[in-house]
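Each chain, letter by letter, is given below.
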Amino acid sequence: MKASKLLKIIRENLKGYDIEYLRNKATDDRYKDPLTKKLAKYNSSVYDDIYETVISDDFEINDDVIKNIRSDIGYYFDTYAGGDAENREFTKNISLYLALIAKRPLHPFSEDKKDDVYYFNGDYYCKGKIRYIHDKRSLCRYCVCRNVGFAGMF
């Protein structure tokens, strides 16, 4: 499938999603966990990027990869997260966008090497990937982040 077609499908699938809820979650004092707020901010910015993206040099994406990502996200939710169907579909679609079109990490990142996911010298790095890449149906397989070697974790 062409990337432009996948982007169109993602946009269609996200129609009607209450993005304002997610935007508000990033600043709402009822949510005390800083990771929850960081994730809400990142995902709402990804949502905006999806609608702002213009693909000028279209490229092919393997249909099996798209199917596998969708299936593996379903497995993740069934195994670890539960949650409602709307949140699951939102996550599937932004993950497809990040991994296959934007080629950015599935998690929020910074330019601070102290963070778990960071950007440095043109590449993304993840301190957790080395631990989680071998988990059954790990989403790390699709993430653009490079492993941080053992020494780089300290």
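Refer to the structure above for everything that follows.
Residues numbered from 1 in each chain as written. Predicted model: local features only at pLDDT ≥ 70, side-chain atom pairs only at ≥ 80, totals over all residues. Heavy atoms only, no water.

Asks: Just checking my understanding: could you explain the packing of aromatic side chains for this structure?
Replies: Aromatic ring pairs are defined here through the distance separating the ring centres and the angle between the ring planes. Under the definition given, this model contains seven aromatic pairs. Summarising the aromatic geometry, the rings of Phe 109 and Tyr 124 are spaced 4.9 Å apart at their centres and angled 75° between planes, so their arrangement reads as edge-to-face. One end of the pair, Phe 109, is in the loop between helix H5 (85–102) and strand E1 (117–120); the other, Tyr 124, is in strand E2 (residues 123–126), and 15 residues separate them in sequence. Overall, the relative accessible area of 15% leaves Tyr 124 in the buried class. Taken together, the ring pairs in this structure connect Tyr 42, Phe 109, Tyr 119 and Tyr 124 into an aromatic cluster. (Phe/Tyr/Trp six-rings, centres within 6.5 Å; stacked < 30°, edge-to-face > 60°. Helix = DSSP H or I, 4+ residues; strand = E, 2+ residues; numbered from the N terminus. Buried < 20%, exposed > 50% of the residue type's maximum accessible area, 1.4 Å probe, protein only.)

Asks: I'm lost on helix H1 (residues 3–14) in this one. Help?
Replies: Note: α-helices contain 3.6 residues per turn, so residues at a spacing of three or four share the same orientation. Taking 1.5 Å of rise per residue, 12 residues should cover 16 Å, and H1 covers 16 Å from first to last C-alpha, within 8% of that figure. Those residues of H1 that fall on the buried side of the exposure criterion are Ala 3, Leu 6, Leu 7, Ile 10 and Leu 14. Taken down its axis, H1 places every buried residue within 100° of arc, on the same side. Opposite the buried face of H1, at more than 90 degrees from it, the exposed residues are Lys 5 and Lys 8. Looking at the buried residues of H1, the elements they touch are helix H3 (34–52), helix H4 (63–81) and H5. Immediately downstream of H1, the backbone of Gly 16 shows phi near 90°, a positive value. (Expected span 1.5 Å × (residues − 1). Arc of directions from axis to C-beta. Contact = heavy atoms within 4.5 Å.)

Asks: Sorry, what's going on with the nonpolar core here?
Replies: Taken as a class, soluble globular proteins show a tendency for nonpolar side chains to be buried jointly. In this structure, Leu 6, Ile 10, Ile 50, Phe 90, Tyr 97, Leu 100 and Ile 101 are the most contacted members of the largest nonpolar core, which totals 34 residues. Ranked by residue count, the leading element in this core is H5, at eight residues. In this structure, Leu 6 is in contact with Met 1, Ile 61, Ile 66, Leu 96, Leu 100 and Ile 101, ignoring residues within four places of it in sequence. (Core = buried A, V, L, I, M, F, W, Y, C linked by side-chain atoms within 4.5 Å.)

Asks: Would you mind going over the side chain of Ser 44 with me for this structure?
Replies: Of note, Ser 44 is situated in helix H3. When sequence neighbours within four positions are dropped, the list of residues in contact with Ser 44 reads Ile 19, Leu 22 and Arg 23.

Asks: How should the side chain of Ser 138 be read in this particular structure?
Replies: Tracing the sequence through the fold places Ser 138 in the loop between helix H6 (129–132) and strand E3 (146–147). If sequence neighbours within four positions are ignored, Ser 138 has contacts with Tyr 132 and Ile 133.

Asks: Which parts of the structure should I look at to understand the pairing of E2?
Replies: Along any regular strand the residues' side chains alternate between the sheet's two faces. By the bridge criterion, four bridges tie E1 to E2 in an arrangement that is antiparallel. Note that in E2 the partner of Phe 120 across the bridge is Asp 123. Hairpin remark: E1 followed by E2, antiparallel, with two residues in the connecting loop; positive phi at Asn 121, about 50°. Pairing of E2 with E3, which is carried by two bridges, proceeds in the parallel orientation. By the bridge assignment, Tyr 125 is partnered in E3 with Arg 146. (Pairing = 2+ DSSP bridges.)

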